[in-house]
Amino acid sequence: MSSAISSTPFSVLDRSRTREGYDDPAALRDTVRFAQQAEALGYHRFWVSEHHSVPGVAGSAPTVLAAAVAAATSSIRVGTGGVMLPNHRPLVVAEQFGVLEALFPGRIDMGLGRSVGFTDGIRRALGHDRRDADDFAAQVAELLGYFTGDQTAYPQVHARPAEGLRLPAFILATGAGARVAAAAGLPLVIAAVHGEDEMLRAVDGYRDAFRPSACGERPYVVLSGTVAVAPTTDEARRILLPEAWSTAYSRTRGTFPPLVPAERISGLRMTDRERTLFEEAQRGQLHGTEDEVADGLEKLLSRSGADEFLVTTSTYDRTALLDSYRRLARITR
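About the thresholds
- Residues numbered from 1 in each chain as written.
- Predicted model: local features only at pLDDT ≥ 70, side-chain atom pairs only at ≥ 80, totals over all residues.
- Heavy atoms only, no water.
- Helix = DSSP H or I, 4+ residues; strand = E, 2+ residues; numbered from the N terminus.
- Rg over C-alpha atoms; globule rule 2.2 N^0.38 Å.
- Contact = heavy atoms within 4.5 Å.
- 1 Å grid on protein atoms, 1.4 Å probe; cavity = no way out; pocket = protein on both sides within 12 Å on 5 of 7 lines; lining within 4 Å.
- Points joined across faces, edges and corners; volume = space filled by probe spheres on them.
- Nonpolar A, V, L, I, M, F, W, Y, C, P; charged D, E, K, R; others polar.
- Salt bridge = Lys/Arg side-chain N within 4 Å of Asp/Glu carboxyl O.
- Buried < 20%, exposed > 50% of the residue type's maximum accessible area, 1.4 Å probe, protein only.
- Polar contact = N/O pair within 3.5 Å; in protein donor to acceptor, adjacent residues only side chain to side chain.
- Axes fitted to C-alpha atoms, helices over the stretch in contact; angles between N-to-C directions.
- Parallel < 35°, antiparallel > 145°, perpendicular 65-115°, else oblique.
- Left-handed = near helix turned anticlockwise from the far one by under 90°.
- Expected span 1.5 Å × (residues − 1).

Right, let's talk about the overall build of the chain for a bit. A tally of helices and strands in the chain yields 13 helices and eleven strands. For 333 residues, the compact-globule estimate of 2.2 N^0.38 gives 20 Å, and the chain sits close to it at 19 Å. Projected onto its principal axes, the C-alpha coordinates of the chain cover approximately 60 × 45 × 40 Å. When contacts within the chain are restricted to residue pairs at least 6 apart in sequence, those whose partners lie at least 24 apart make up 74%.

Our focus in this paragraph is the layout of surface pockets. Empty space within the second largest pocket amounts to approximately 370 Å³. Residue lining of the second largest pocket: 15 residues in total, with L144, R166, L167, A214 and C215 positioned closest to the centre. Looking at the lining of the second largest pocket element by element, the count peaks at three residues for helix α6 (residues 136–148). In the lining of the second largest pocket, the residues fall into twelve nonpolar, two polar and one charged.

The subject of this paragraph is the pattern of salt bridges. Inspection of every chain in the model, using the stated rule, returns 18 salt bridges. With its nearest N and O atoms 2.8 Å apart, the salt bridge here joins R253 to E274. Here the residue R253 occupies a position in helix α9 (residues 233–253), and E274 occupies one in helix α11 (residues 272–280), the gap between them amounting to 21 residues. With a relative accessible area of 6%, E274 lands in the buried category. Close ionic contact of K299 with D295 constitutes a salt bridge, the shortest N to O distance being 3.2 Å. Within this pair, K299 and its partner D295 are both found in helix α12 (residues 290–304), separated by four residues, close to a single helical turn.

Inspection of the secondary structure puts E243 in helix α9. Here E243 falls in the buried class, since its relative accessible area comes to 12%. At a separation of 3.2 Å, a polar atom in the side chain of E243 contacts the side chain of R17.

Here helix α2 (residues 24–40) crosses helix α3 (residues 62–72) at 40°, and the two axes come no closer than 9 Å. Classified by the angle between their axes, α2 and α3 sit oblique to one another. For the pair α2 and α3, the sense of crossing is right-handed. Facing α2, whose interface residues are L28, T31, V32, A35 and Q36, α3 presents L65, A68, V69 and A72.

Next up on the list: α6. Look at α6: 19 Å from first C-alpha to last across 13 residues, which is about the 18 Å you get at 1.5 Å a residue. If you check which residues of α6 are buried, you get F136, Q139, V140, E142, L143, L144, G145, Y146 and F147. Residues of α6 that are buried make contact with α4 (90–103), β5 (108–113), β6 (169–172) and α7 (177–184). Just beyond α6, the residue with positive phi is G149, at close to 85°.

Of the positions making up α7, those classed as buried are G177, A178, V180, A181 and A182. In this fold, the buried residues of α7 make contact with α6, β6, β7 (188–191) and α8 (196–209). G185 sits one or two residues past α7 and shows a positive phi near 70°.

At the junction of G81 and G82, the peptide bond is cis and its omega measures out at 0° in the coordinates. Backbone torsion omega between R160 and P161 reads 5°, so that peptide bond is classified as cis. Summarising the element assignment, P161 is placed in the loop between α6 and β6. Not every positive phi belongs to a glycine, and S16 is a case in point at roughly 55°. Of note, S16 is situated in the loop between β1 (10–14) and α2. If you check the backbone angles, Q156 has positive phi at about 70° while not being a glycine. Mapped onto the secondary structure, Q156 falls in the loop between α6 and β6. Residue classification places Q156 among the exposed residues on the basis of a relative accessible area of 77%.

Geometry only, nothing functional implied.
Put into structure tokens, the structure is as follows:
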């Protein structure tokens, strides 16, 4: 196998997407089962996400779900991709991850993002607004200080059992996330949301600005993206259709619907705008046969120099999804 792929760890982010005909609790149980399957396939990490009051996404309490995943597995690293720090007090986040690390030592990752709710109503319900994201760097510093015992925002306040524990922290590159990661000496998780070239420029900027710290002596880049592998190129593309349609639907109606079968989407009548958004949602995603995906991954990893790849694929058909991850695992070995 080619050197870039074989030397790169592959990990999984599951967003607990709901599916038509299955309720939110079923999506969370699917996530736990999927973590067990990812572990059996040899993936490096399994992360869960945080979304509040978002139709179509069941994962609202990532540290709670991470605890369930860690309890159901034995070796795979478990974490969050990520906890949205502006939604929480850093002390509480430190305590939660301290409990996780104490219960599952050496297996917990702390992925952190800077998003604040999905709508104004959700932000009000959380007791925050968009401006709270402006303090992300200070929030990260306070959070890390609870683990080292060096935080100065609240003298004589200690996070138990977090203080003295060491676990890796990652920053999700939304907004100023790449600059925060570089300044704090933390690993960066980044996706090609605005295209591969822009992502690679952000990665270069992160590496140039990186300042070594107790958390990391050198830059560490985790690329994040959707990958679908199937016996044929067309079958792989079909795996992507439910999520692409959900994305297009959300951008025209403001809500994410549950994922529906690919064959239903193929027969939909879309407006011109829906069709454009649907096609845009499929751009930049790797899909195809094992050979096609291996070639695409090799080029991307070589061009970016990434240290790790975080796969974020979601679809309606859980059998096809697991088969895709199984085929991808075969490529990366």
